[in-house]
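Per-entry structural report
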Amino acid sequence: MVPDLLRERSFRRYWTGQTVSLLGDQITFLAVPLAAVLVLHADAAQMGWLSMAGLLPALLFSLPAGAWADRRGRRRRTMIAADLLRAALMATLPVGYALGVLTLAQLYAVAFAVGTLAVVFDVCNATLFVSLVRPAEYVRGNALTSGSRAFSFVAGPSVGGLLVQILAAPLALLADAVSYLFSAGLLARIAPVEPPPAEPRKGHFSAGLRFIARSRVMRPLVAAAATVNFFNFVFHTLVVLYAVDRLGLNAGVLGLVIGAGAVGSVIGAVLTGRITRAIGVGPTVVLGFIGFPAPLILIPLAGGPEPLLLAAFFAAEFVSGFGLMLLDIGSGALQSAVIPDALRSRVSGAFRTVNYGVRPLGALVGGTLGSAIGLRPTLWIATVGGLLSVLWLLPSPIPRIRELPDEEPDPSAPPTAEAPAAPPTAEAPAAPRPTETEPARTEPAA
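In this numbering scheme, every chain counts its residues from 1 along its sequence in written order. Totals for whole chains, interfaces and linings use every residue, but because this is a predicted model, local features are given only for residues with pLDDT of at least 70 and side-chain atom pairs only at 80 or more, for both listing and counting. The basis for the side-chain values is all heavy atoms of the structure; hydrogens and waters are excluded.

Before going further, it helps to spend a moment on the overall build of the protein chain. A tally of helices and strands in the protein chain yields 16 helices and zero strands. Accessible area is worked out with a 1.4 Å probe on protein chains only. A residue is then buried under 20% of its type maximum, exposed over 50%, and partly exposed in between. Within the span of the protein chain, comprising 446 residues, buried residues form 49% of the whole. Once local pairs closer than 6 in sequence are excluded, the contacts in the protein chain between residues at least 24 apart make up 89%. In short, Shrake-Rupley with a 1.4 Å probe defines the accessible areas, and a residue's cover is counted only from the protein chains shown. Accessible surface, the protein chain as shown: approximately 20,600 Å² in total, 68% of it carbon and sulfur. By the criteria applied, helices consist of DSSP H or I runs no shorter than four residues and strands consist of E runs no shorter than two, each listed in order from the N terminus. Contacts are assigned to residue pairs with any non-hydrogen atoms lying within 4.5 Å of each other.

Within the sequence span of helix H8 (residues 207-214), burial applies to Ala207, Gly208, Phe211 and Ile212. Angular distribution of buried residues about the axis of H8 spans 140 degrees; they occupy a single face of the element. In the core, the buried residues of H8 are packed alongside helix H9 (218-246), helix H14 (306-338) and helix H15 (344-373). When we speak of the arc, we mean the arc of directions from the helix axis to the C-beta atoms.

Below, the discussion takes up the environment of Ala36. For Ala36, the location among the structural elements is in helix H1 (residues 9-39). For Ala36 and Leu50, which are 14 residues apart along the polypeptide, the C-alpha to C-alpha distance reads 8.6 Å.

The next point concerns the nonpolar core. The definition of a nonpolar core used throughout is a set of buried Ala, Val, Leu, Ile, Met, Phe, Trp, Tyr and Cys residues joined through side-chain atoms within 4.5 Å. Counting 63 residues, the largest nonpolar core has Phe11, Met218, Leu221, Phe289 and Ile398 as the members making the most contacts within it. Discounting chain neighbours no more than four positions away, the residues touching Leu221 are Val285, Phe289, Ser331, Leu334, Gln335, Phe351, Leu393 and Ile398. Judged by nonpolar contacts, the second largest core, of 24 residues, contains Val234, Leu309, Val358 and Leu375.

With that settled, the discussion passes to empty space enclosed by the protein. Cavities and pockets were defined on a 1 Å grid built over protein atoms only: a cavity is a set of grid points that admits a 1.4 Å probe from which the probe cannot escape, a pocket is an open set flanked by protein on both sides within 12 Å along at least five of seven lines, and lining residues are those with an atom within 4 Å of any such point. Grid points are joined across faces, edges and corners, and a volume is the space filled by probe spheres set on the points. Inspection of every chain in the model, using the stated rule, returns two cavities of 30 Å³ or more. Looking at the largest cavity, its volume works out to about 60 Å³. Taken together, Val228, Phe231, Asn232, Phe235, Phe292, Pro293, Leu296, Ala382, Thr383 and Gly386 form the lining of the largest cavity. Sorting the residues of the lining of the largest cavity by element identifies H9 and helix H16 (375-387) as the ones contributing at least two each. No other element matches H9, which puts four residues into the lining of the largest cavity.

Our focus in this paragraph is the side chain of Thr383. Relative to the helices and strands, Thr383 is located in helix H16. Classification of Thr383 as buried rests on a relative accessible area of 1%. Here Thr383 is in contact with Phe235, Pro293, Leu296, Ile297 and Pro300, once residues within four sequence places are set aside.

Here the focus is a nonpolar patch on the surface. A contiguous nonpolar patch, built from Leu298, Leu301, Trp380 and Val384 and spanning about 340 Å² of accessible area, is present on the exposed surface. Of all elements in the fold, only helix H13 (298-301) and H16 reach the threshold of two or more residues within the nonpolar patch. Relative to the helices and strands, Leu301 is located in helix H13. Patch definition: residues above 30% relative accessible area lacking any salt bridge, with like charges linked at up to 9 Å and the nonpolar side chains Val, Leu, Ile, Met, Phe, Trp and Tyr linked at up to 5 Å. Any Lys or Arg side-chain nitrogen located within 4 Å of an Asp or Glu carboxyl oxygen qualifies as a salt bridge.

For the coordinates displayed, the defined rule picks out seven salt bridges. For Arg134, the salt bridge goes to Glu8, with nearest N and O atoms at 2.7 Å. Of the two residues, Arg134 is situated in the loop between helix H4 (104-132) and helix H5 (138-167) and Glu8 in the segment before H1; the sequence distance between them amounts to 126 residues. Linking Arg149 and Asp328 is a salt bridge whose minimum nitrogen-to-oxygen distance equals 1.8 Å. Remark: Asp328 occurs in helix H14 and Arg149 occurs in helix H5; sequence separation between them is 179 residues. Of the residues examined, Asp328 reaches a relative accessible area of 19% and is grouped as buried. Where salt bridges share partners, they join Asp70, Arg75 and Arg346 into one cluster.

Further remarks concern the packing of helix H11 (residues 263-279) against helix H12 (residues 281-291). Axis angle and axis distance: for two packed helices, these are the angle between their axes and the distance between the axes, and together they describe the pair. Close contact between H11 and H12 brings their axes to 7 Å; oriented N to C, the two are set at 120 degrees. One element, H11, and the other, H12, form an angle in the oblique class. For the pair formed by H11 and H12, the contact residues are Thr272, Ile275, Thr276 and Ile279 on the first element and Val281, Pro283, Thr284 and Leu287 on the second. Gly is placed with the polar residues, together with every amino acid not listed as nonpolar (Ala, Val, Leu, Ile, Met, Phe, Trp, Tyr, Cys and Pro) or charged (Asp, Glu, Lys and Arg). Its residues placed into classes, the contact of H11 with H12 shows five nonpolar, three polar and no charged. Helix axes use the C-alpha atoms of the stretch in contact, all axes being lines fitted to C-alpha atoms, and the angles between their N-to-C directions lie in the range 0 to 180 degrees. Should an angle fall under 35 degrees it is called roughly parallel, over 145 degrees roughly antiparallel, and 65 to 115 degrees roughly perpendicular, with every other angle called oblique.

Another aspect to go through is the packing of H15 against H16. Direction vectors running N to C along H15 and H16 enclose 135 degrees, while the axes themselves pass 7 Å from each other. Here H15 lies oblique to H16, going by the angle between them. Helix-helix and strand crossings are classified by hand; for H15 and H16 the assignment is right-handed. Contacts between H15 and H16 involve Gly366, Leu369, Gly370 and Ile373 from the former and Leu375, Pro377, Thr378 and Ile381 from the latter. Split into classes, the residues belonging to the contact of H15 with H16 amount to five nonpolar, three polar and no charged. For any helix crossing, the convention is left-handed if the near helix is rotated counterclockwise from the far helix by under a right angle, and right-handed if that rotation is clockwise.

Turning to the packing of aromatic side chains, a few remarks are in order. The geometry of an aromatic ring pair is captured by the separation of the ring centres together with the interplanar angle, meaning the angle of the planes. What counts as a ring pair is set by centres within 6.5 Å for rings of Phe, Tyr and Trp (its six-membered ring), and what kind of pair is set by the plane angle: stacked under 30 degrees, edge-to-face over 60, tilted for all other angles. Applying the stated criterion across every chain yields a total of five aromatic pairs. Ring plane angle 80 degrees and centroid distance 5.9 Å describe the contact between Phe61 and Phe112, whose orientation is recorded as edge-to-face. Here the residue Phe61 occupies a position in helix H2 (residues 44-72), and Phe112 occupies one in helix H4, the gap between them amounting to 51 residues. Its relative accessible area of 28% is what places Phe61 among the partly exposed residues. Whether a charge sits over a ring comes down to the Lys NZ or Arg CZ being within 6 Å of the ring centre and within 35 degrees of the ring normal. The lysine or arginine in question, Arg86, covers the ring of Phe121, its NZ or CZ lying 4.7 Å from the ring centre.

Here it is in structure tokens:
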């Protein structure tokens, strides 16, 4: 049965473009490192610099990109431009390879530039999403977009590996360039009514951070997400080395098992809507912050013959992927509901700055602890530490939220004048709540 949202032409085009683009990104996630290793013979230090080049823009530019996007408006046009520029940049790599002039410096530069454009695209995407999806559909909309991401985790590496085998790693990157063009073409065929640009006010740049700091929903969500991301990167820095060097697992078979485990994410994306309706959106988020890190405890706990080890890895990845979808879809719906339209890009930028800021730190701590105390003890610290993220949520209102809450006030907005108090001798009538009208959404002719 086709979900109702996919029957709406504008959302269907938006979702299709995102799905294809995410699949292309996963191909690139495999093909770029393989190009560095197989074609340019990069060593471990150079691979580290390549990884850093892709991560650094999110840390450096998320805040200013969010502030710029809210001031400029026209987010859809900005996203189209970002897609077209990313397609052009990715195309330079197979061209350089075909001409025999591909270098590591070019890989670094393209990774940094594409990462910067991804920041711009993503901070605009948060606002475009709520321009296409009604508040009552936030959970279903997030389930569809998260489902696309889960599908890309399963299919992307397989398709990427096949393309690398057939074409060579740099030429496989043409698939990502084409995916960006496809996304831009579909974005050009929708015309949602976007929120107007934010008015210039004092503190415009830091308004997203201030909103998070004051929000009873966003503050614990950001703290929990940063905690689980930190320990997750401690874990993933060492898990492959631990599996291959300490447990003696075959790297190829391990990759297949972990990829198969990603099916849990797809199933989670399908079922999260039902779970949310049954227990509420807040408890779903709490369950996700437990269900994502908890199954990974099976990895340092695993022992015995190889079939048991592979079963432990499969179960850990399957259940963790399911939990990740509960976390992503539930928290994404909460954010869509509580963040004011005028602040969405800035709050998204602030959220990304915190989340991406802890990732390289977690990788650094993982490597340091792994060398100092050993791989298995560090994996225990990472898995148990990830579970601690839920402690940020328990004292907050989130566990008690059943339905999506109302939008929270914008702290950067100028205060409104209050009406004079009623005389004490007369009971003042309750003021009616302002009616919130949803802007009309236009769809172009097919």
